[in-house]
Structure formats: structure tokens, C-alpha cells
Amino acid sequence: MHFFVCKPKPENTVAVEMRLWYDVNIQIYYSNRFANPVIEFVNSFYVLISYIQSSRKLMFGGTSMKFFHLSDLHIGLKLFNRDLLEDQQHILKQITEIAGRKRPDAVVIAGDIYDKAVPPAEAVAVFDAFIADLTAAVPDAVIMMISGNHDSAPRVNLFRSVLSRQRIHMVGVAPQQPQDYIEKVTIADAYGPVNFYLLPFVKPSMVKSVVGTDENGINFSYNETVHRLIERESVDGGERNVLVSHQFYIPKGTDPESVARMDSEIRTVGNIDEVSADILHRFDYAALGHIHKPMKVGGEFYRYCGTPLACSVSEAGQQKGIVVVEMREKGSVLTDVIPLKPLREVRLVRGELEEVLQQACADYVTVILTDKVDLNVIDMQDRIRNAFPNLLEIRRETQRKADYSKKFSAGKNLDPFELCCSFLKEADDLERDLLKDVIRTIQEEQ
Ligand SMILES: [Mn+2]
């Protein structure tokens, strides 16, 4: 439960203050026009009830605001041409159920709502159902989301001002003009206001009319752009502030190549999109999206929550979850992760064919075969597909490749067997025996 602190006193009202409990006072503002005494009474009754609920929390603890940090839903994503909509529906339903139980004051989705800028109609329907279910499960919660690099900014921005009146803030488009600022949504709890800065994904070209260009009229780097965009905001350091953003933040001085990136992320050549995370220090918490593996960026409270559902085989084995953030008094933030259980895991199954077949399951599986002997390809594929109805791909680990890096030393007088062995370096005893047989047969035929 949250309540909005109404300060200063609204115009044309009379304040009536009463003591509720010990030092908990409430103020009710009556319109001094008394247009309709019945409505005035009903309104003040609602105000009273909401203050009593808040005050109860104040007395029994748990007054701080809690929010869910999610990102990278990638609704509509296909994994090896397999439609994940059923899996995505399952995970979104789980998020809704957890929200119903934990009752967060806000739910934040830090970009990449959809996988494609123009999502298929079925994906839009899944997202629509998710938001409808979520608002039904937690009608008091404020829902905030931004567009990611996979989303279409103007599409996410649709009905932005209309939806904001329903406490749903869908911010698709970043500031466009010098007079525009990052959308700020303020929610108050017993400790005062918490300001959420909702910054959608930006490319330098998208905000050059706001942050400017260098002396030659060339766009600034991603790093310079995001820094300038955030630095021009007047962030009140005395209040609690949260940044919601979808960029590639890395701790200052870190090599971007050292950050574990997933196959489902769009990467820029030469990591030109990196942004130094020192800019995040203006905030008490940064709810980030873009990196698909859950990780922190140079601090406990600057973090990527990761995808709620694995979007690529490279994410196999990662525990996905919702980051629950509790904002207590200024300087005190608590985080917790609630694990999510997918309908089907994304897994790697590695081994020789017979071992692999014993691990039959309905998960999304990439099979890595380590067999050195040749397999009947058609038969092998059929057997694997039977064992794994949701097979993604089959990889062969032992691929015989010629080593072109070394020069062939024709000067050495090698017999045919030695020559072949020097080429097939990894051959085992069985294969060597086979090789001997073949060479002998050929020599006998000559
Ligand atoms: Mn993403």
C-alpha cells in the first residue's frame, strides 16, 4: 500500500487534522466550496481508509515501498524456429501470481518487452493478457516500463499519456527537444517520495537535439550521450531515486569484452554502445535491462535482472528470477531474488549417442555428440528427435578438421601410416588399427 503525500495544501481547501494513533496524524482536505456534502463525505472516507491502512503498516513495520524489477521479456521470440509463446505465457502467469502474493507497490520492466519492433499479433495478445492479469492481481501497483533496443519506441509510446492516468507508464520515446526531460514518476511511502526516472533505450542519433553534437557536428558516443542525458536532470540527492534504463553499462575501466554476453542480445561491433556505470551513482538503485544474464554493474544496487526465461542456448543453466527491491529510508535498499520456474528448461546434453538417449526429456535441448566413430546420420537424428521432442539442434564435438596452420614437411620420409597419423592427431588406438587395415588393403590392391 502506498499513499500520495499531498503537500502543499491544495487550493480552495480547508485542512482538518486529527490524531489517529500516538504521533500519527492525518490531515483531510475539504473543499471550502462544499459543492456536494455527500461526495465530500465519501471522498474523505476513502482518504481516511487509505491513511489507516498506511498507518497500520507504519505501526507494525513494513512501511517501505517494494517493487519488482523485470526486463527483457522478448515476447514473440523464437528459439531455433520454435515458438516460445506458451513458455512465455507460463512465466508471465507465474510473475502475476507472485505479484498477487508479494503485493509490490510497483512493477518495473526495463525494456525489450517484445523481441521484434513489429511483434506478431499473438505476441501482442500475450502482453495484453499479462498487463490485464497483473493489474487485476495488484490493482494498487504502479506499472512502469521503457522500450529496449528490440522494441519500436513509438509503438511502446502509444497511449502514453492516457495510460499514465491508469498508473501504467509506458515510456517508449526518450526526450526529443531541449525542453524535454526524462519521465519521472514519483511514488511516496512512509519515508517520503521515491522518484523513478524512466529512460528508454537511446542511440546517440536519437537524442542529438537534446544532448548536442561535437564541434564538427558529429554525434557523441553512447557513453557521452547517456552521461549528458542524465546529467541535465535535476536529481534531488536528498530523496530516493531509481533509474530505469536499457543500455550496456559497464563498471568504469572494465574491458567490455570481459562481460558475458548472450546469443540473444544484439551487440554492436567494437562495443561502441558501452556506457560507463559511474553515472549510475546518482541513483539509489538502477533497474537495468539489456544484458540477459543476471548481473550487477560495479555495485549491489546497479543491476541487470536478466531475462525471466532463457532466450538462447547460451543462457542454459542460468537461474532466472524477479529482483525484488525494497526502498527503506535514504541509503537503505534491500534486494532479494524470487526464482522463476520455466515450463521447459533450455539445456545442453553432451555425451556419446547412447548416453545422450538415456537423458530423454521434453526440455529444449541442444545435443552435443562426442562420438568419434561415424554414426548413421539419418538413424541418429531420428533417435534423438524421438528422445527429445523439443530438440533445438545437434552439434558434433569431434569434427575432423585439417590443420592448415602448419607447413607440411614433405622432406621427411614418412610411411603412409605415419603420414595419416600426423594428419589425424586425435586418433585413438581403435582408429589407428582401422587406419592400418585400410592402408594395408590399399597397398595389397596396388
Ligand atoms: Mn534484450
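Residues numbered from 1 in each chain as written. Predicted model: local features only at pLDDT ≥ 70, side-chain atom pairs only at ≥ 80, totals over all residues.

Quick look at the overall build of the protein now. When its secondary structure is counted, the protein shows eleven helices and 21 strands. For the protein, the residues scored as buried account for 31% of the 446 residues in total. Sequence-distant contacts in the protein: of pairs separated by 6 or more residues, those separated by 24 or more amount to 65%. (Helix = DSSP H or I, 4+ residues; strand = E, 2+ residues; numbered from the N terminus. Buried ≥ 20, exposed ≤ 12 C-beta atoms within 10 Å, placed from the backbone. Contact = placed C-beta atoms within 7 Å.)

In this section: the pairing of strand β7 (residues 142-146). Where burial is concerned, most of β7 is hidden: five out of the five residues are buried. For the handedness criterion, the β-α-β arrangement of strand β6 (residues 106-110), helix α3 (residues 121-137) and β7 is classed as right-handed. (Right-handed = clockwise from strand over helix to strand, strands pointing away.)

Below, the discussion takes up the packing of helix α2 (residues 85-102) against α3. Packing of α2 against α3 brings their axes to within 9 Å, and their N-to-C directions diverge by 10 degrees. In terms of their interaxial angle, α2 and α3 are classed as roughly parallel. Residues Leu-85, Gln-88, Gln-89, Leu-92, Thr-96, Ala-99 and Gly-100 of α2 pack against Glu-122, Ala-123, Val-126, Phe-130, Asp-133, Leu-134 and Ala-137 of α3. Looking at the contact of α2 with α3, its residues break down into eight nonpolar, four polar and two charged. (Axes fitted to C-alpha atoms, helices over the stretch in contact; angles between N-to-C directions. Parallel < 35°, antiparallel > 145°, perpendicular 65-115°, else oblique. Nonpolar A, V, L, I, M, F, W, Y, C, P; charged D, E, K, R; others polar.)

Within the largest apolar cluster, 86 residues are counted, with the highest numbers of intra-cluster contacts made by Val-107, Val-108 and Val-244. Summarising the domain contributions, this core has at least three residues from each of domain 2 (64-339) and domain 3 (346-396). Setting aside anything within four residues of it in sequence, one finds Val-244 in contact with Val-108, Ala-110, Met-144, Ile-146, Phe-196, Tyr-197, Leu-198, Leu-199 and Ala-287. (Core = buried A, V, L, I, M, F, W, Y, C linked by C-beta atoms within 7 Å. Domains from an automatic or database assignment.)

A word on the sheet that holds strand β3 (residues 65-70). The strand order across the open sheet formed by six strands is β8-β7-β6-β3-β17-β18, and the pairing between neighbours is mixed. Of all strands in the sheet, those with a lone pairing partner are β8 (168-171) and β18 (333-339), marking the two edges. Taking each pair of neighbouring strands and ignoring which way they run, the sheet shows an average axis angle of 20 degrees. (Pairing = 2+ DSSP bridges.)

Time to look at unusual backbone geometry. A positive phi angle, near 70 degrees, is found at Asn-81, a position not held by glycine. Within the element layout of this structure, Asn-81 appears in the loop between β4 (78-79) and β5 (82-83). The exposure class of Asn-81 is exposed, given the 6 C-beta atoms found within 10 Å. Backbone geometry at Arg-103 places phi at a positive 50 degrees, although glycine is not the residue there. Mapped onto the elements of the fold, Arg-103 is located in the loop between α2 and β6.

Turning our attention to the sheet that holds strand β14 (residues 285-288). Backbone hydrogen bonds are what pair the strands of a sheet, in a parallel or an antiparallel way. Taken in spatial order, the six strands make up an open sheet running β9-β10-β11-β14-β16-β15, and their pairing is mixed. With partners counted over all chains shown, the strands left at the sheet margins are β9 (183-189) and β15 (295-296), one partner each. When strand β11 (residues 240-245) meets β14, the two strands line up parallel, connected through four bridges. Bridging from a neighbouring strand, Leu-243 pairs with Ala-286 of β14.

Moving on to the packing of helix α10 (residues 416-423) against helix α11 (residues 429-445). Where α10 contacts α11, the axes come no closer than 10 Å and their chain directions differ by 140 degrees. It follows that α10 is oblique to α11 by the angle criterion. Every pair of crossing elements has a handedness; the one defined by α10 and α11 is right-handed. Along its contact with α10, which presents Pro-416, Phe-417, Cys-420 and Cys-421, the element α11 presents Arg-432, Leu-435, Lys-436 and Ile-439. (Left-handed = near helix turned anticlockwise from the far one by under 90°.)

Before going further, it helps to examine the pairing of β11. Of all six residues making up β11, six are buried, and the element is well covered by its neighbours. Burial along β11 is two-sided: Arg-240, Val-242 and Val-244 facing one way and Asn-241, Leu-243 and Ser-245 facing the other are all buried. Direction of pairing for strand β10 (residues 192-199) relative to β11: parallel, over a ladder of six bridges. Across the sheet, Tyr-197 pairs through a bridge with Leu-243, a residue of β11.

Attention shifts here to α2. For α2, with 18 residues, the first-to-last C-alpha span of 25 Å sits near the 26 Å given by 1.5 Å per residue. Within α2, the full set of buried residues consists of Asp-87, Gln-88, Ile-91, Leu-92, Ile-95, Thr-96 and Ala-99. Considering only its buried residues, α2 is in contact with β3, β6, α3 and β17 (321-327). Taken from the residues just after α2, Arg-103 is the one with a positive phi, measuring 50 degrees. (Expected span 1.5 Å × (residues − 1).)

As for its position among the elements, Ala-362 is in the loop between α8 (353-357) and β20 (364-369). In the structure, Ala-362 is positioned 16 residues away from Val-346 in sequence and 10.0 Å away in space, judged by C-alpha atoms. Each residue touching Ala-362, except ones within four places of it in the same chain, is listed here: Arg-344, Pro-389 and Asn-390.

Turning to the environment of His-90, a few remarks are in order. Within the secondary structure, His-90 is located in helix α2. Overall, His-90 belongs to the partly exposed group, with 16 C-beta atoms counted inside 10 Å.

For the rest of this paragraph, the subject is the environment of Ala-110. Along the chain, Ala-110 falls in strand β6. C-beta crowding within 10 Å serves as the criterion here: with 28 such atoms nearby, Ala-110 is assigned to the buried category. Each C-alpha atom of the pair Ala-110 and Ser-71 lies 4.5 Å from the other, and the pair is 39 residues apart in sequence. If we ignore the near neighbours within four places in the chain, the residues touching Ala-110 are His-69, Ser-71, Ile-146, Val-244, Ser-245, His-246, Ala-287, Leu-288 and Gly-289.

Honestly, it's all geometry; don't read function into it.
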